[in-house]
Structures are given as C-alpha cells and as structure tokens.
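Results of the structural survey
Residue strings, one per chain:
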Amino acid sequence: MDVDWQAVVLDFNSSLLTEPGGRCDRVMNALTEDLGLTYTPSDEPDWAREEWAERVVTAGSPDTDVLLARLDHADLEIRRMTAFVLCYATQDGRLPAALRARVGTEPDPATRIALLVALGRFPGHRPFLTGCTAPGFPAAVRFGAAFSLAMALPGPRYKQTGEIADETGADLSDDLVDALTLFLDPEVAAALSLLPWTDPEWDDLPSSVGASLWQVPHAASRWIARLLALVKAGECDAGWAHTFCSMASERIHRHNPRLGRRLGPVLGDLLTHAHPDVREAALRHIGRWLRDAEDPESTRYADLVAATLEDPRLTPLALEALVDGGDERCVPGVLRLLTRPVDAETSALLPRVGRFAETLMPAVRARLADPADLAEIGAILDGILPWPSGPKACALPEFTALLTGFGGERPNNVRRSVTGKVCEAVGHLGPRAAGPETVAALRALAAGAPLTWRLAPIDALTRLGHPVEETTALLTAVLGDLPLAAGGPDGFTHAGGTWAGTQACRRLGGLGPAAHKAEPVLRALLDDGRAAPIRDEVAWALWLIAGDARATVPALLEGVGEEASTRNRCQTAIRRLREMGAAAEAALPVLDALAGDRYEVNRWAKSAAHHIRRSLDGG
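This write-up is about the structure you can find in this document. Chains are numbered independently. Their residues run from 1 in the order of the written sequence. Owing to the predicted nature of the model, reporting of local features is limited to residues with pLDDT of at least 70; listing and counting of side-chain atom pairs is limited to 80 or more, with chain, interface and lining totals taken over all residues. Side-chain metrics in this entry use all non-hydrogen atoms of the structure; hydrogen atoms and water are not considered.

Further remarks concern the pattern of salt bridges. Only one rule defines a salt bridge in this text: a Lys or Arg side-chain nitrogen within 4 Å of an Asp or Glu carboxyl oxygen. Under the counting rule described, the total for this entry stands at 44 salt bridges. With a closest N to O distance of 3.9 Å, Glu 51 and Arg 55 form a salt bridge. Of this pair, Glu 51 and Arg 55 are both found in helix H3 (residues 51–59), four residues apart, which corresponds to roughly one turn of the helix. One salt-bridge network, held together by shared partners, links Asp 166, Glu 167, Arg 258 and Arg 262. A run of H or I in DSSP counts as a helix once it spans at least four residues, and a run of E counts as a strand once it spans at least two, with each numbered from the N terminus.

Okay, structure coming up:
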C-alpha cells in the first residue's frame, strides 16, 4: 500500500521528529513487528528527518489486504494503530468499501473514529460522513465523522493568519460544528486519548480538535461560541473555561476581529457566572474586546469588568483589564497599590498607566520622598519611565533629592541601579530639568562617584543641554581615572574599568570634533599597553574627533587579524574600517588576505574592501 508521507507531516504540524507520545511509540513498534517489518531511518539529518511520518510509511508498506486483516487482530491497540495507518493510504479502490463495512460493525470507539477519518480521505464518501454528524448517531460516530471532514479541509492543520476571509467555513453545517464539541463527552475523550492526533502527550484536546478549523474561521468561531455556551450553561467542567476563552481571544478575535465581536456577548455573560473559575477565565481574556474601538459593546464589557473590582479574588485581574482598556476606573485601584509595598502586580501595572500620570503623580512623589526601601524606589522609577515627561516634571524636586542623597552614600549595587534610573528619569525631562540644584547634583555624581556610576549622570547632563566642553571634561576624567595595572592579565584591575572606558570613548566619539580637548588623553591611552582592552574604542574615538587615520587603522586591524579575536570585536572593527572609506586604504592588504575557514569574516572583509576601493575611486 502506498502512504501519503506529506499528509502525515502536515497533520502533525510539520514538526514531529518523534512519536506523538510514549504509548504511540510502543504500539507503532508492535504493529511494525507484527507485520514482520523493521523501520530504517532515512539518510536525512536528524533535524530534517520526519521520523514519525517515516514510521507510518513503513507500517503502511504491506498490501492493503494485509493491513485490513490487522483490523481483526487480537490486540486492540494494534487494531487502533492499523486504522490510523489506513488514514494515510493513497487512492486504493479496495479500501473505501472495506472501511464503510467496518465502520458499521466496529465496537471500539477509538478504532471507529480512526476508520471514519480514513474514509474522509475519499471525497465520494464525504456526503455519508456529513449525514453521520446529525443528532441521533452515537457520540463517537458523530464526532469521528465531523473530525474526519474537518481534517479533510484544504490547508495545513495548526496554521493560522489574519489573511483568511471571515466567511471561510460558513458553508460547514451546524451539525458538523456541534459534533466537534463532543470531545467533551467522556466516552469520546477516552477514545481520543488513544489516537495519535489527540494523544495527551502530543497536544491538548481542544487544540488538536480545533487545529483543522483555524483555516475556516467562520466555522471555528461558531465552534468556540458553542463551547462557550456549554460553559455558560454548566454543561461542561468549569475547568475548560480558561482554554475556551483563550481560543476566543487568541484564535478568533486576534486574527478576525469582526468574528471575534460576535463572541463578545457570551464572554461578557461569563463575567457574571456563578462559578468563580469561569469568571476568572473570562476576566483574563476580555481585554481584546475592551480595546476594540469598533465594538459597540465594549463599554458594556468595561462596566461588567468594573463590577468585579469588589471581588477580592478578581480585583487584580479586573484592574489589569481596566488599565489595558484605558478605563479611568482603574485609577483608585492603582492609587491603593501605591500606598503598599511594591509587588509584582504594581510593577507590571505602572508602565501601562501613563495616560493617568497627572492623577497618579502626587502618590508617586510621596513614595519617592521616602527612600527607605531603595529596591521599591527602583521599581517605581522603572514603572514611571514610560510616562509622558510633562507630568513627571513635577517630581523633579524628588529626583534631585535622591541624587543629592546618593552623593555621600556608601556604594552598593542597589544604589548604583537606582542612581542610573533617577538619572534616566531626569534625562527624559530634557532642558526643563536643567535647574541649578539638579545640575549640581548630577555634576557631583559625574565627577566624584565610583567609576562605573559616572556615565549615567553624564548622559543625563548631556540630555539637559550641558555645555559640550564640560561634558568632554567629565568623560576625559573617567578615562584618566581608569584602574590601569601593569601586572593585570587584561591591563585593568577589574572588569568595570573596561566597561567604563569603552562607554566613555563611545560618548566622546559621539561628540565629534567638539570633544577635541580629549585628544591628548586618548593618544596617551592609545600608546599605553595597559589599556589594550579598550584600544579599539580609543582609536575609533580619535578618528571621530580628530580624523586621524594613521593612528586608527593599525589599532582596528589588531582586532581583525588576531585569531583569538572575538566575533563581535572582529565584525565591529571591519565595519568601522568600511565606514572610514578612502581613509582606510592602508587596511586593504589585510582585508584582502582574510579568507579560509572564517567565512563570515571573509564576507565582511570583502564588503569593506570593496567599499574602500569605491571611495578611493570617488564612488
């Protein structure tokens, strides 16, 4: 029998390198051995080989009659796996009649479902399957027929985009859609757990059943609507609510908002459900409907969410939903959070309430004015950094007080982190924050703080419009205070020196020729062997400030030619030589010589050499 290898791959999301689960692995091995066969992996590399599909092909290689005989095997598990393998038989004229005859007499629900799926591979028998989805047939038959028709739909399973028309799948009958909800029936669920497509080790039931519907969003939305209605009526376990609400949001509304709006009313009804787990599930996933400006019901949903603020169990979720929906009824809750120790909930919400910054800033200022717990201050600063700069400007006195207080403090990592965040907040305010007290506090830190603290206040001064000459002096002082050590393995007494030196050089280079007063210090460092870790950065700053190619090119080439050079250092050095254009002519012999097994370096070098030559030719 010929087996459709690609159909197996597509049905399992084109990514199944091994069996769906341990039980499937064991039973497939048993069937293969019973057929007297041995699976031999293909020559494809491990990462490309679809092992499960290959094993199905192996098991399906005997004659059709041989496989059909296995449907009467004494081992029920082998019968089920045989029915599964028959699902991927190519158009064999003997198969449909045998499958039809067997479906009517097969007592095992799992085997019957697999036989129905196999029958669905033959278009001429799909009307029969459609009839089997009607009420009145056993649950396993109804579901199996619907599952078969769904798997026969065009397009790969599991795939979904927003480019599919909303009406795709409107022609699928309500009987089919309703029958697909029968995976909730205990007998059907037990049978499905025994089949590879729905093996619990492979995927959860709703995902594996719905996988064929994502390409037909109209039918998928009706299916999810029916599932939500079952939750609402209490006709299925409340534990399913989270899964179904998530599918409504992520699978339908996210990709097809118009269809998603049709699900909003039932999701809204779940917000007042008697079961707390159902209310919580609806609240977790109602956000897309609250944020949908085209949904006329969004205000009603927001009212329902606001009503849940009185439920202590749901208050955090309701607050989060109102925040994301931009509803001002979240403000009292956020204000209450700002009076308590800052926890994960507060940290997560603060960056998202910037639109209410003017109302919230008094409470924020009160917290900043009491820096007893610096970790909490840091969390609050993280939260308000995305807020508009206008409302934040009123907190400048608190920012300045924090900076002044840190000046004489004993260094530690928490203070360093908070100092950086305060400096960033001040920098966001721009020139409006350039008052004498604030500038003085920043200058004190930039000149006297530990080496690795200084860059943050210098950056803040730059954004405040501090004179370039003074910024250059502060950055030059950082280079002058680098902890050089002749006996050190990398020329520095600690890694912080490398970081501070690198950052100072980059900022000086960013100032360009205006930072010319730093040139003597840079030249001295370039000639100091103890500064080797930042030699590339020093040379590049010299180029940007003074345009000195004679000093820059040799230093950059050191980062290119060493075999021990890191990939990033090498790439950065070659990129900088390329940017120098004709001025980097002296680098051409080295760039031309780069070849061999370092393919990426070779490619970068060729590109840089080409650009330099074009520049020399006036291109």
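All right, on to the packing of helix H15 (residues 257–270) against helix H18 (residues 298–307) then. For every element, the axis is a line fit to its C-alpha atoms; helices are fit only across the contacting stretch, and the angle between N-to-C directions ranges from 0 to 180 degrees. At their nearest, the axes of H15 and H18 sit 11 Å apart, and the two run at 25° to each other. By the angle between their directions, the pair H15 and H18 is classed as roughly parallel. At the point where H15 passes H18, the crossing takes the left-handed sense. Residues Arg 261, Gly 264, Pro 265 and Gly 268 of H15 lie in contact with H18, whose contacting residues are Arg 300, Tyr 301 and Leu 304. A per-class count over the contact of H15 with H18 returns three nonpolar, two polar and two charged. Roughly parallel refers to an angle under 35 degrees, roughly antiparallel to one over 145, roughly perpendicular to one between 65 and 115, and oblique to any angle outside these ranges. The sense of a crossing depends on the near helix, which, turned anticlockwise from the far helix by less than a right angle, makes the crossing left-handed and, turned clockwise, makes it right-handed. Pairs of residues are marked as contacts when any of their non-hydrogen atoms sit within 4.5 Å. Throughout this entry, Asp, Glu, Lys and Arg are counted as charged residues, while Ala, Val, Leu, Ile, Met, Phe, Trp, Tyr, Cys and Pro are counted as nonpolar. The remaining residues, Gly among them, count as polar.

Attention now goes to helix H2 (residues 22–34). A helix is expected to span 1.5 Å for every residue after the first. Taking 1.5 Å of rise per residue, the 13 residues of H2 would be expected to cover 18 Å, and the 18 Å separating its terminal C-alpha atoms lies within 8% of that figure. All buried positions along H2 are accounted for by Arg 23, Cys 24, Val 27, Met 28, Leu 31 and Thr 32. One face of H2 carries all of its buried residues, which in axial projection span an arc of 160°. Contacts from the buried residues of H2 go to H3 and helix H5 (76–86). Looking one or two residues past H2, Gly 36 carries a phi angle of roughly 75°, positive in sign. For every residue, the accessible area obtained with a 1.4 Å probe (protein chains only) is divided by the maximum for its type, and the residue is called buried under 20%, exposed over 50%, and partly exposed between those limits. Think of the arc as the fan of directions from the helix axis to the C-beta atoms.

One finds Tyr 88, Trp 197 and Trp 223 to be the most contacted residues of the largest nonpolar core, which totals 181 residues. Top contributing element to this core by residue count: helix H9 (residues 139–151), with nine residues. In this structure, Val 553, Leu 557, Ala 584 and Ala 605 belong to the second largest nonpolar core, which totals 23 residues. Here, nonpolar core refers to any group of buried Ala, Val, Leu, Ile, Met, Phe, Trp, Tyr and Cys residues whose side-chain atoms link them within 4.5 Å.

All right, on to empty space enclosed by the protein then. Cavities and pockets are defined on a 1 Å grid built over the protein atoms alone: a cavity is a set of grid points where a 1.4 Å probe fits but cannot escape, while a pocket is an open set with protein on both sides within 12 Å along at least five of seven lines, and lining residues are those with an atom within 4 Å of any such point. Grid points are joined across faces, edges and corners, and a volume is the space filled by probe spheres set on the points. Tallying each qualifying case throughout the model produces three cavities of 30 Å³ or more. Reported here for the largest cavity is a volume of approximately 40 Å³. Forming the walls of the largest cavity are Arg 23, Val 27, Glu 77, Arg 80, Met 81, Leu 194, Leu 195 and Pro 196. When residues of the lining of the largest cavity are traced back to their parent elements, those giving at least two are H2 and H5. If you tally residues by element for the lining of the largest cavity, the top one is H5, at three residues. When grouped by side-chain class, the residues that make up the lining of the largest cavity number five nonpolar, no polar and three charged.

These figures come from the coordinates and say nothing about function on their own.
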